[in-house]
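# Structural features, examined
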Amino acid sequence: MNLSPSRLAAGAASVTVVLWASAFVSIRSAGAAYSPGALALGRLLAGAVALGALCLLRREGWPPRAAWRGIAISGVLWFGFYMVVLNWGEQQVDAGTAALVVNTGPLLIALLGARLLGDALPPRLLAGLAVSFAGAVTVGLSMSGEGGSSVLGVALCLLAAVGYAFGVVAQKPALAHASAAQVTAFGCLIGAVGCLPFAGQLVHEAARAPASATLNMVYLGVFPTALAFTTWAYALSRTTASRMGATTYAVPALVVLMSWLLLGEVPGVLTLAGGALCLAGVAVCRSRPRRAGRETPSLAERRREHAS
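Okay, so let's go over this structure. (Residues numbered from 1 in each chain as written. Predicted model: local features only at pLDDT ≥ 70, side-chain atom pairs only at ≥ 80, totals over all residues. Heavy atoms only, no water.)

### Some thoughts on the packing of helix α2 (residues 36-58) against helix α9 (residues 199-208)
Stated formally: Angles shown run from 0 to 180 degrees and are taken between the N-to-C directions of axes, each axis being a line fitted to C-alpha atoms and, for helices, limited to the stretch in contact. Counting from the N terminus, the helices are DSSP H or I runs at least four residues long and the strands are E runs at least two residues long. Any angle between 65 and 115 degrees counts as roughly perpendicular, while under 35 counts as roughly parallel, over 145 as roughly antiparallel, and the rest as oblique. The contact definition used throughout considers only heavy atoms, calling two residues in contact when any of these lie within 4.5 Å. Ten residues, namely Ala, Val, Leu, Ile, Met, Phe, Trp, Tyr, Cys and Pro, are considered nonpolar, four, namely Asp, Glu, Lys and Arg, are considered charged, and the remaining ones, Gly among them, are considered polar.
The N-to-C vectors of α2 and α9 enclose an angle of 90°; their axes lie 8 Å apart at closest approach. The angle between α2 and α9 places the two elements in the roughly perpendicular class. The segment α2 lies against α9, with A38, L41, G42 and L45 engaging A199, Q201, L202 and E205. Looking at side-chain class alone, the contact of α2 with α9 contains five nonpolar, two polar and one charged residues.

Here it is in structure tokens:
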């Protein structure tokens, strides 16, 4: 059975969301033994090795020159800066506050996508973003512990959201010139190079860390980074940055479920309600009007169609 490109993209986005949700559980475990920079570097190195093997098997060469600007920006801001700052922020604030602040990212992606990429902002997308953000706020408030936040931690999580948003918007144009595997592999490699100042910490901490923490770090590199960022890039190349950003609002709901199943953290009624709102908002964002045959193309996509 042949699947349509839209269904393949939806499946790729689903893989990304599930694996990114699992990353929060692994970060909680690995973060107890590794400092933020060392954890980010170890994760990126594991991801770079996995992606390098993938590119060799697929015989992927160097990306075209036109793709390098987007790859470099996303590599520095998303793969490098975002991972270090988020790891640091989660050591300063509780998970609920971190999730609440970081989930301003999809809103920033929508605004930046409209301004820089010409992405359309249809009413359904805006309504879905509002519903999902309300759900993320609900989940964040329900999971926040008393006195668990700090000004530094909130500022770090906000910086992570900004780096995430700019990284996604920079990555989108690069995917018009290079494959998802190329964009992800070289972005991950650039992020790893940027984190090399933490190499000494990584070596020192790896010698003392329990095996479970190191395995979680490797898992973060192979699955939530190498695999999930590749499926993300594949899906992003087939839709707008705004719509893909909205899809990540399913992550808080899945984190609640995984924490329940894997860590025995039973969610309260308010947490479950917030998770349901997150999923409902994503459903609204991903839905299309009955008369619309396909998604409204971005300004860049319309220009390419006109030029061809």
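Here the narrative resumes, following the displayed structure.
### Topic: the packing of aromatic side chains
Convention followed: Stacked, tilted and edge-to-face pairs are distinguished by plane angle, under 30 degrees for stacked and over 60 for edge-to-face with tilted covering the rest, among Phe, Tyr and Trp rings (Trp via its six-membered ring) whose centres lie within 6.5 Å. Throughout this description, buried means an accessible area under 20% of the type-specific maximum (1.4 Å probe, protein chains only), exposed means over 50%, and partly exposed covers the range between. By definition, being over a ring means that NZ of Lys or CZ of Arg is both within 6 Å of the ring centre and within 35 degrees of the ring normal.
Taken as a whole and assessed by the stated rule, the structure comprises 13 aromatic pairs. Consider the rings of W62 and F186, whose centres lie 5.1 Å apart with planes at 40°: the pair is tilted. On the criterion of sequence distance, the pair formed by W62 in the loop between α2 and α3 (65-92) and F186 in helix α8 (residues 180-194) is long-range, its members being 124 residues apart. Accessibility expressed as a relative area gives 68% for W62, which makes it exposed. Judged by relative accessible area, which is 13%, F186 ranks as buried. Taking 4.6 Å as the distance between ring centres and 40° as the angle between the ring planes, the aromatic pair formed by F79 and F229 counts as tilted. Separated by 150 residues along the polypeptide, F79 in helix α3 and F229 in helix α10 (residues 211-236) bring together distant segments of the chain. Residue F79 is classed as buried on the basis of its relative accessible area, which comes to 0%. Judged by its relative accessible area of 3%, F229 falls in the buried class. Taken together, the aromatic side chains of W20, W78, F79, Y82, Y164, F229 and W232 make up a single cluster linked through ring pairs. Over the ring of Y234 we find R238; its NZ or CZ atom is 3.8 Å from the centre of that ring.

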